[in-house]
Amino acid sequence: MSSTQIAPTHTSPTGTTRLLTSRVRSSRFVRKLTVAVAAALAAPTVLAGCSGVGGSDDGVVTFRFANSPTALSLVRIADELGYWKNAGVKPEYVGPATSVPAVQLLDQNRVDIATGMFSNDIDGKVKGFKFTAIASSMLDLPDQPHMAYFTKAGSPITKTDLKAVEGKTVGLGPGKNSCTDLVIKRYLKKNGVDLDKVKFLELKPELIAPAIERGEVDLGVFHPPLVGVLLSKPDKFTQTFTSYDDWGPLGGQAPFVASNAWLQKHPDAAREFVGIIGKTANWANSHPKESAEIAGKTTGYPVEQTTNWHYAPNALLDKASLALWWDLVKDTGTPLAGSEKLKPEDIATNAFNPYATSADLLDHQDENTSVLPGFRNKGVFKTPLVDFATAEK
């Protein structure tokens, strides 16, 4: 890709260089889950908001963003930290949309920016959706996993005896070819489990823990912040294994994606957006306790119980964490015809990242292990993924 830059924009170095911390408390004080579940059930499941590409309000560019009440989001954490307050770009929350792939919402012109599993991004490109992945998101760590798998306390299903799940029920969130669907199936298969002998039951994430307590589900799949909630109740739940056990440190990548129409119209705002996401990710990694408390506040779970994700520093995208999704879908999912012809750089770019030195993706997150002291470019890089020449004026 070309490293030529376009559209001059403001530069404002942020933060000081520090190594990222990677620890978060694994157990919290015991609180009931009832309030959070009730809130989730009361939430609508359709988007409500303005139509058309996000526009400007007193010179500030807005982007429509789906806001699910129990889902973690760097956009909402940035809001709590005040990062959007004086920025030239800000979110217009239009959610929630808990079961619709992010790229589908973009294609339907219901949002301008979204985040979701990269497997859906691959499918979206095959279907011809016009969007681009512009900023990295979470990664996996042993003690800050993207997902964790829990049984009822005292269950015979253990990490060393996963075949005990045969004849049992696994509760997982909705969506084929999603992380909740793919990773557990591959890990079970690796450990000798006959998947045909396991019942996979799709449920709203908030309903899986109560189903385990009632004995209707034997093994459940959970994301933060619920991971921390369940860890705080060892008398009721036992963590059996985590997603890190399957896909290692590069798993969990769910990059921020934006519609090409919005990117064409607002390239400078897109660059500022990515800068704020990178700044927020860096803060969250360096402040795991405070980040987890904000996660609890923004999702409605008890703040002393919640856990947060670990994020890719500086929001920089790399090939390796994106490429693993092709293998994952091939192993246990259903690849769409044509997906094998795509590669990460056909979908994602660092062109809008102020911490980047070119539009090119990094080869690996090993190149991106510390917080950068400031921005490293002065504008948006040219990228073949977004045609600025044909942008609507």
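Turning our eyes to something else, we now look at the sheet that holds strand β9 (residues 169-172). The pairing of strands in a sheet happens through backbone hydrogen bonds and is either parallel or antiparallel. Ordered in space as β10-β9-β11-β8-β12, the five strands form an open sheet in which the pairing is mixed. At either margin of the open sheet sits one strand with a lone partner, and together these are β10 (199-202) and β12 (237-242). Each strand axis lies, on average, 30° off the axis of its neighbour in the sheet, ignoring direction. The pairing of β9 with β10 spans four bridges and is parallel. Looking across to β10, one finds that G171 is bridged to L201. Where helix α6 (residues 205-214) meets the sheet, its contacts fall on β8 (148-152), β9, β11 (219-222) and β12, and the angle it forms with β11 comes to roughly 155°.

Turning next to the side chain of Q253. Tracing the sequence through the fold places Q253 in the loop between α8 (244-247) and β13 (256-259). At 2.8 Å, the side chain of Q253 and the side chain of S136 are in polar contact. Setting aside residues no more than four positions away along its own chain, Q253 makes contact with M117, F118, S136, S137, M138, L139, D318, S321, L322 and W325.

Here we take up unusual backbone geometry. In the segment running from P224 into P225, the intervening peptide bond is cis, with an omega of 5°. The residue P225 is located in the loop between β11 and α7 (226-231) in this model. Positive phi values are uncommon outside glycine, yet N177 reaches one of about 60°. Take N177: it is sitting in the loop between β9 and α5 (179-190). Owing to a relative accessible area of 6%, N177 belongs among the buried residues under this scheme. Positive phi values are uncommon outside glycine, yet A315 reaches one of about 60°. Along the chain, A315 turns up in the loop between β14 (310-311) and α12 (319-332). Exposure remark for A315: the relative accessible area of 0% places this residue in the buried category.

So, on to the environment of F222. Relative to the helices and strands, F222 resides in strand β11. Once the C-alpha coordinates of F222 and G171 are considered, the two residues, 51 residues apart in sequence, prove to be 9.2 Å apart. Beyond its immediate chain neighbours, meaning those up to four positions away, F222 contacts H146, M147, A148, F150, P205, I208, A209, I212, V227 and L230.

This part takes up the confidence of the model for the protein. Considering every residue of the protein, the mean pLDDT works out to 85; 83% of them sit at 70 or more. The secondary structure element of the protein with the lowest average pLDDT is helix α1 (residues 34-42), at 34, and the one with the highest is strand β6 (residues 131-135), at 98.

Glancing now at the pattern of salt bridges. Per the stated rule, a full pass over the model turns up 15 salt bridges. Of the charged contacts, one joins D245 and K159 as a salt bridge, the two residues approaching to 3.1 Å between their closest N and O atoms. Remark: K159 occurs in the loop between β8 and β9 and D245 occurs in helix α8; sequence separation between them is 86 residues. Assessed through its relative accessible area of 29%, D245 is described here as partly exposed. Given the relative accessible area of 41%, K159 is considered partly exposed. In this structure, D246 and K190 form a salt bridge, with 3.1 Å as the shortest nitrogen-oxygen distance. Taken together, the residues D246 in helix α8 and K190 in helix α5 connect sequence positions 56 residues apart.

With that settled, the discussion passes to the packing of aromatic side chains. Overall, the coordinates contain 13 aromatic pairs when judged by the stated rule. Ring centres of F63 and W262 lie 6.3 Å apart, and the angle between their planes is 75°; this geometry places the pair in the edge-to-face category. Within this pair, whereas F63 is found in strand β3 (residues 60-65), its partner W262 is found in helix α9 (residues 260-265), the two being separated by 199 residues in sequence. Residue classification places F63 among the buried residues on the basis of a relative accessible area of 0%. Under the relative-accessibility criterion, W262 is labelled buried at 0%. Ring centres of F118 and W326 lie 5.8 Å apart, and the angle between their planes is 65°; on these two criteria the pair is classed as edge-to-face. Taken together, the residues F118 in helix α4 (residues 118-126) and W326 in helix α12 connect sequence positions 208 residues apart. Residue classification places F118 among the buried residues on the basis of a relative accessible area of 0%.

Another aspect to go through is the environment of F63. Sequence separation between F63 and H266 is 203 residues; the distance between their C-alpha atoms is 9.7 Å. If near-sequence neighbours (up to four positions away) are discounted, F63 is found in contact with V75, W84, V89, K90, P91, E92, D112, I113, W262 and F273.

About the cut-offs
- The residue count restarts for each chain, going from 1 along the sequence in the order it is written.
- Where totals are concerned, whole chains, interfaces and linings use all residues; where local detail is concerned, this predicted model gives features only for residues with pLDDT of at least 70, and gives and counts side-chain atom pairs only at 80 or more.
- The side-chain quantities take in all heavy atoms of the structure and omit both hydrogens and water.
- DSSP bridges decide pairing: two strands pair if at least two such bridges lie between them.
- By the criteria applied, helices consist of DSSP H or I runs no shorter than four residues and strands consist of E runs no shorter than two, each listed in order from the N terminus.
- Convention adopted: a line fitted to C-alpha atoms gives each axis, helices being fitted over their contacting stretch, and angles between N-to-C directions are expressed from 0 to 180 degrees.
- A contact between two residues is defined here by any heavy atoms of the two lying within 4.5 Å.
- In protein, a polar contact requires one atom able to donate a hydrogen and another able to accept it; more generally it is a pair of N or O atoms within 3.5 Å, and residues adjacent in sequence count only if both atoms are side-chain atoms.
- Three labels apply to residues, based on accessible area from a 1.4 Å probe with only protein chains included: buried if under 20% of the type maximum, exposed if over 50%, partly exposed otherwise in between.
- What pLDDT expresses is the predictor's confidence in each residue, scored from 0 to 100.
- A pairing counts as a salt bridge when a side-chain nitrogen of Lys or Arg comes within 4 Å of a carboxyl oxygen of Asp or Glu.
- Only Phe, Tyr and Trp rings take part, Trp by its six-membered ring, and two of them pair if their centres are within 6.5 Å. Stacked means planes under 30 degrees apart, edge-to-face means over 60, and tilted covers everything else.

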